[in-house]
Amino acid sequence: MDNLISEISHIGLNGSLDLLVGDFNARSPIWGYGFEDRRGQIMLEFIASNNFSICNRTDLGPTFVCERAQGYPDLSLLSIALQDLFDSWWILNKDSLSDHRTVTYCIGTDMVSVGACQGCPQGSVLAPHIWNFYFNDVLLLNNDRYFLQAYADDLALVVPASSRKVLEESVSSFLDILKSFLKELNLQIASEKTLAVVFRGNQNKNRQKRGLASLKRSPIFKIGGRTIRTVDSLKYLGPNWGTGVSLLKHWYLSVIQPSLLYGAAVWGGSFTQKQINILHSIQRVALVKISKSFRTCPTNALNVFLGLPPLHVVANSLFIKFKIWNARCDDYDFINTNNLDFYIKVNNLDLNFRLIEFPINIPNADFDVYTDGSGIDGNIGASVCIFKNNILVNSFKFKLNNYNSVFQAELAAINFAAGWALENSYKINIFTDSYSSIEVLKKVNTKSNYINVIKNNMFRAIGSVGLSWVKAHAGIPGNELADQLTKEATIDGNLLSLPAPYSYLKKFIHSYVIDKWQRHWGDSNSGVRVREFVPFVDSTLLTHNRALLFFISGHGPFPAYLFRFKFFNSPNCICGGLGDPDHYAFDCSHTSDYHFTRPAVCNKPAWFKSILNNPNALLRMERICSIARKICDDLKSLDLV
């Protein structure tokens, strides 16, 4: 705050500055806050020493509003000498594209609106607040057709338009105006660093059906006759503008796929080849949009590139999951469904059993009990250690089935301790390092029958049991001993039979999907080149780089590819070699600065993963594809001649 006051003072007050408006982030009851902080005290001293009066009206509400808070950080200060000319001050009820609201005031016959379109002024070449004063006039160019948002020494321009042609004319003309305006401030727009991103709005449904809702080519914008680059996404001080491949994949899995497979638990039992092809054609639309690949890229290859299983495989897995979980069918290579947990209707339960609150500690407890659960190499164990006056008096070790989870082991240990206390009429305090176990016992809408049985037992133990959380591996002797015994229990503990959780069924279904998808991928006649680099399917794989996708699939800006689809008369590169992806990545003289070492056939999968996870290698691949595209353009122009 002291630096801010110093910067403003250096501008030259002494009666020469009559109006001061800004976000000072200072709190005082005088302008609406319920308390006064140090910044508020400094601001009040500044106002008094420079003969300012405060124009703000607190009855009109806060000047700053966001989801988490609201306040009055924006102050309008007017010289006392001009106070007689002050007419009114109010807040406009309109969007400002900021958390700060637009302030308007009248001085004499002049009306002034101050929009909060200045962003965080960090990193500017001048001191932050001086930069705001220096740069503020540029933001006055805002009107109904254009909106400028300032970010440090960057500007974001938002322009709506009804067509591509209007958009090109509007943006280019405004950029020229902006360039001239900034020139008066001795500032220049770096056209090579300027980026444009185009967002397409909602179109008429009939136009969408006719395929007219998207632009046939990207708009071309210019600054002083120099073209600026149009991209799919851009980044300004943190926020991403646009959508990445990972987000599109998430949307597909959470929105599109569930919609396409609605009711698959009923109709997904089996498919004819014709039905599989129909599902492929439906899914292909989304896969091409997400990957931004060439339309000729095989659907099976796109499935592998994006880690998205074919629809018929997913539909069949939903059918099997329904048969096992709901119909309790034992026709599949799964455990006996009698050993599987099930869901109950929680609304039929008494609210007293659903809502359980335990004291953290029972005073004058007979014993302190530490419980733990753990898993090692698929073996699950649980332990209960009973202490009296910090001395171990008894311990229990249990080994669970391999299909049980560590979470179930933690709950089983707590349940055993509570049952032991009830059986022997003891009062105990239970300590566990599983916070999730405590939370699930408090939930009122838990559907698992296994958990509700434990909750019923714990309900009976209310008054005899205290339950609290302790930090794991923090040197607490009781917890450390329970952890040690739990690891031993995974090998030699007493067998404790518990139902398999729903998560075990989900793992089985996921394994089924991967196995069936792998067989489908191995038997596919398409994607032969892709299988050399990605022989095994993986739902976590995401090929987010378009140039790498071009290279691996072979469907990209390469003469051999364009010759294959009758666009070129020859498959050869301009240098005379076969113009396939390998030629440009390993051999072509035009791309020699970016060549990779050619991998052996057995090393291609490892080579692909190393390139995918290496940003520098991906940049080289993008440059190779860019050169290959230019060569294709040159070859096309030669063919035209």
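Please refer to the structure placed before this passage.
The paragraphs below set out a description of the structure included in this document.

About the cut-offs
- Residues numbered from 1 in each chain as written.
- Predicted model: local features only at pLDDT ≥ 70, side-chain atom pairs only at ≥ 80, totals over all residues.
- Heavy atoms only, no water.
- Helix = DSSP H or I, 4+ residues; strand = E, 2+ residues; numbered from the N terminus.
- Buried < 20%, exposed > 50% of the residue type's maximum accessible area, 1.4 Å probe, protein only.
- Contact = heavy atoms within 4.5 Å.
- Areas by Shrake-Rupley, 256 points an atom, 1.4 Å probe, with all protein chains shown as cover.
- Pairing = 2+ DSSP bridges.
- Axes fitted to C-alpha atoms, helices over the stretch in contact; angles between N-to-C directions.
- Salt bridge = Lys/Arg side-chain N within 4 Å of Asp/Glu carboxyl O.
- Patch = residues over 30% accessible without salt bridge, like charges linked within 9 Å, V, L, I, M, F, W, Y side chains within 5 Å.
- Phe/Tyr/Trp six-rings, centres within 6.5 Å; stacked < 30°, edge-to-face > 60°.

Our focus in this paragraph is the overall build of the protein chain. Helices and strands together make up the secondary structure of the protein chain, namely 22 helices and 21 strands. The proportion of buried residues among the 641 residues of the protein chain is 43%. Within the protein chain, counting contacts between residues at least 6 apart in sequence, those at least 24 apart form 63% of the total. Element-wise, carbon and sulfur atoms account for 52% of the exposed surface of the protein chain, whose accessible area totals about 35100 Å².

Take the sheet that holds strand β12 (residues 221-223) next. One key point about sheets: their strands pair by backbone hydrogen bonds, in either a parallel or an antiparallel sense. The mixed open sheet is built from three strands, whose spatial order is β11-β13-β12. Every interior strand has two partners, whereas the edge strands, β11 (195-197) and β12, have only one. Strand-to-strand, the axes of this sheet are offset by a mean angle of 45°, without reference to chain direction. Pairing analysis gives three bridges linking β11 to strand β13 (residues 226-231), with the strands arranged parallel. The partner of L195 across the bridge, within β13, is R229. Across the sheet, helix α4 (residues 164-184) lies against β12 and β13, angled at about 15° from β12, the strand it touches most.

This next bit is on unusual backbone geometry. A positive phi angle, close to 55°, is found at N364, a residue other than glycine. Tracing the backbone shows N364 in the loop between α11 (351-354) and β16 (367-376). According to the relative accessible area criterion, N364 is exposed, its value standing at 76%. One non-glycine residue, S425, lies in the positive phi region at around 55°. For S425, a relative accessible area of 64% gives the class exposed.

The next thing to look at is the pattern of salt bridges. This structure, assessed with the given rule, holds nine salt bridges. A salt bridge links E168 to R164; its shortest N-O distance comes to 3.9 Å. With E168 and R164 both in helix α4, this residue pair falls four residues apart, about one helical turn. In this structure, R598 and D587 form a salt bridge, with 2.6 Å as the shortest nitrogen-oxygen distance.

All right, on to the side chain of S524 then. With respect to the helices and strands, the residue S524 is situated in the loop between α16 (502-523) and α17 (528-533). With near-sequence residues (within four places) excluded, S524 lies in contact with N300 and R531.

Okay, a nonpolar patch on the surface next. A cluster of nonpolar residues, V255, I256, L260, I278 and I282, forms a patch on the protein surface that exposes about 380 Å² of accessible area. For the nonpolar patch, the secondary-structure elements that each account for two or more residues are α6 (245-260) and α8 (273-291). It is α6 that provides the largest number of residues to the nonpolar patch, a total of three residues. Following the sequence through the fold, L260 ends up in helix α6.

What follows covers the pairing of strand β19 (residues 428-432). Counted residue by residue, β19 has five buried out of five residues, so it is predominantly covered. Burial along β19 is two-sided: I428, I430 and T432 and N429 and F431, pointing in opposite directions, are all buried. As judged from the five bridges shared by β16 and β19, these two strands associate in the parallel manner. What sits directly across from Y370, in β19, is F431.

Enumeration according to the criterion identifies 27 aromatic pairs in this entry. Centroid distance W420 to Y426: 5.1 Å. Interplanar angle 40°. Geometry classified as tilted. Judged by relative accessible area, W420 falls into the buried class, the value being 15%. On the accessibility criterion, Y426 (29% relative accessible area) is partly exposed.

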